[in-house]
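Take a look at the letters that make up each chain.
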Amino acid sequence: MTTNAPAELDPPGPTAEQPKSRGDTSTEHGCEDCDPSLIDAIKCRAEGIAEQAKYNAASQPELQTARTQYDVTRKAYRAQRNSIALEVQDMRHQVKHLIERARCQIKQERVITCLDEAFETICEQLDRCGASSGCCSEEECEFDKSCPPEYRELVRRIAEYQAHLDRDKACFATLVGEPAALAARVASVKAEIDAINTELQADAAATDLKKVYASALVARRHLRLVWNGFDETRDFVNCLCRALTCWTKAADAVSALTGAKAVEDCHRAAHDARCKDLAANTVVEVLIEYERVCGCETCSEDHPKGTDDADCGCRREDSDHDDDRDHDRDRDHERDRDHDHDHDHDHDHDRNRDRDRDRDRDHDRDHDRDRDRDHDRDRDHDRDRDRDRDHDRDRDRDRDQDSDRDRVRYRNGF
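I will try to describe carefully the structure that is included in this document. (Residues numbered from 1 in each chain as written. Predicted model: local features only at pLDDT ≥ 70, side-chain atom pairs only at ≥ 80, totals over all residues. Heavy atoms only, no water.)

**Let's talk about the overall build of the protein**
Right, so step 1: From N to C terminus, the protein includes 9 helices and 0 strands.
Right, so step 2: Secondary structure elements of the protein, listed N to C terminal, follow the sequence α-α-α-α-α-α-α-α-α.
Right, so step 3: Burial statistics for the protein: of 414 residues in total, 24% are counted as buried.
Right, so step 4: Surface exposure of the protein reaches about 28600 Å², of which carbon and sulfur atoms provide 50%. (Helix = DSSP H or I, 4+ residues; strand = E, 2+ residues; numbered from the N terminus. Buried < 20%, exposed > 50% of the residue type's maximum accessible area, 1.4 Å probe, protein only. Areas by Shrake-Rupley, 256 points an atom, 1.4 Å probe, with all protein chains shown as cover.)

**What about the pattern of salt bridges?**
Right, so step 1: Considering all chains together, one arrives at 26 salt bridges under this definition.
Right, so step 2: Between Arg156 and Glu153 there is a salt bridge whose closest N-O contact spans 2.7 Å. Placement of the pair is Arg156 and Glu153 together in helix H4 (residues 151-176), with a separation of 3 residues, close to one helical turn.
Right, so step 3: Overall, the relative accessible area of 41% leaves Arg156 in the partly exposed class.
Right, so step 4: When the shortest N-O distance is used, the salt bridge between Glu160 and Arg156 registers 2.6 Å. One end of the pair is Glu160 and the other is Arg156, both in helix H4 and 4 residues apart, which spans about a single turn.
Right, so step 5: A single network of salt bridges, built from pairs that share partners, joins Asp144, Glu153, Arg156, Arg157 and Glu160. (Salt bridge = Lys/Arg side-chain N within 4 Å of Asp/Glu carboxyl O.)

**Observations regarding the nonpolar core**
Most often, soluble globular proteins have nonpolar side chains that are buried together.
Right, so step 1: The biggest cluster of nonpolar side chains holds 57 residues, and the ones touching the most others in it are Phe172, Leu175 and Tyr213.
Right, so step 2: Where this core is concerned, the elements lending two or more residues are helix H2 (37-106), helix H3 (109-128), H4, helix H5 (178-201), helix H6 (209-224) and helix H7 (233-280).
Right, so step 3: At 14 residues, H7 tops the list of elements feeding residues into this core.
Right, so step 4: Residues contacting Phe172, with those up to four places away along its chain left out, are Ala66, Gln69, Tyr70, Leu240, Ala243, Leu244 and Trp247. (Core = buried A, V, L, I, M, F, W, Y, C linked by side-chain atoms within 4.5 Å. Contact = heavy atoms within 4.5 Å.)

**Some details on the state of the cysteines**
Right, so step 1: Evaluation of the coordinates by the stated rule reveals 4 disulfides.
Right, so step 2: Sulfur-sulfur distance for the disulfide between Cys135 and Cys239 comes to 2.1 Å. Judged by the sign of its S-S torsion, about 90°, the bond between Cys135 and Cys239 is right-handed. Residue Cys135 is located in the loop between H3 and H4, and its partner Cys239 is located in helix H7; the two are separated by 104 residues in the primary sequence.
Right, so step 3: Cys135 sits in the partly exposed class, given a relative accessible area of 31%.
Right, so step 4: Take Cys239: its relative accessible area is 1%, and that puts it in the buried class.
Right, so step 5: Shown here is the disulfide that connects Cys136 with Cys171, its sulfur atoms set 1.9 Å apart. Handedness here is read from the sign of the S-S torsion; for Cys136 and Cys171, about 85°, the answer is right-handed. Taken together, the residues Cys136 in the loop between H3 and H4 and Cys171 in helix H4 connect sequence positions 35 residues apart. (Disulfide = S-S within 2.5 Å.)

Listed below in structure tokens is the structure:
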């Protein structure tokens, strides 16, 4: 069983990698390389790491102490159990003997039967009460340390894992005290047996034998439960190890998610601050955005007011050179457009000629198809006519045969 302290975990999500900005910072701050929100990302990641380190600093001492207690407890339990095993076995024989003695002194089988039934009923009720025995640590203790997309789920998961951690921690503390508790239970049962033995040795006329018999049955039950649900030493050691392991895993998960929550809280605070600043300085922000999108240098004496939107209304010294260049470009553009027009005209003429040829070919094909269809129709008509003629001939022949048959039948009848 290895229960070393969990390693420091990088906060999940953006905090575990390079900081990721939130929003379209290229339009928010004026250029693609300008992203002041990266500062918030770095700051929030640092806060997440600090919060996780703070949690680890508080939880690690307890886990280290538990690690030491684990080694001490499993050895102490084994030694304690081995030392009292023979005593427990001897007390079982004593209780069995005391129950037989009480039966003999009561001498009424009906009373014994009713006491046995009453004892079984109460034992069933005690079992339904859920008396703690056996391993108190849950079988499943796997925890998802990834940061969920929803903040509400993150908070819920931390609370759930912390509750699981508290249960495992309490379970481990109970198990640490089990060696001493085992010795105390054995001593208590021994005292019960001694008391019953003393009452049976007293004057039978002054002794409540039903009470003595019931006490013997209860002592036998307590003796059966003396191991607290751990049939073997290994059962206790496995439970002790599982409780410590689940406690450690839960602490590891809560540590990671606590750091992630700190990062998310930091980003939320930065977002709220940005929104408040926008609301309080809306006009200034509008003007800054205007300057980013449409701003230019202020016109001076060297650059008087003009009408060209490309330079925001300011004339430049090289504007004449730019005008000549634009004129040449426009002339080349007109020449290219005329050439393209002639080329398109020739292309349209060829396309119309091809279309007329295709139309004539389609017409001829339709004419041939109609002619073939008429020929097939005439052939079908002739075939139908021949079939009708054959049918009429067969029908006349059948009618003649029926007539001859009736005539023969009539002749034979007379």
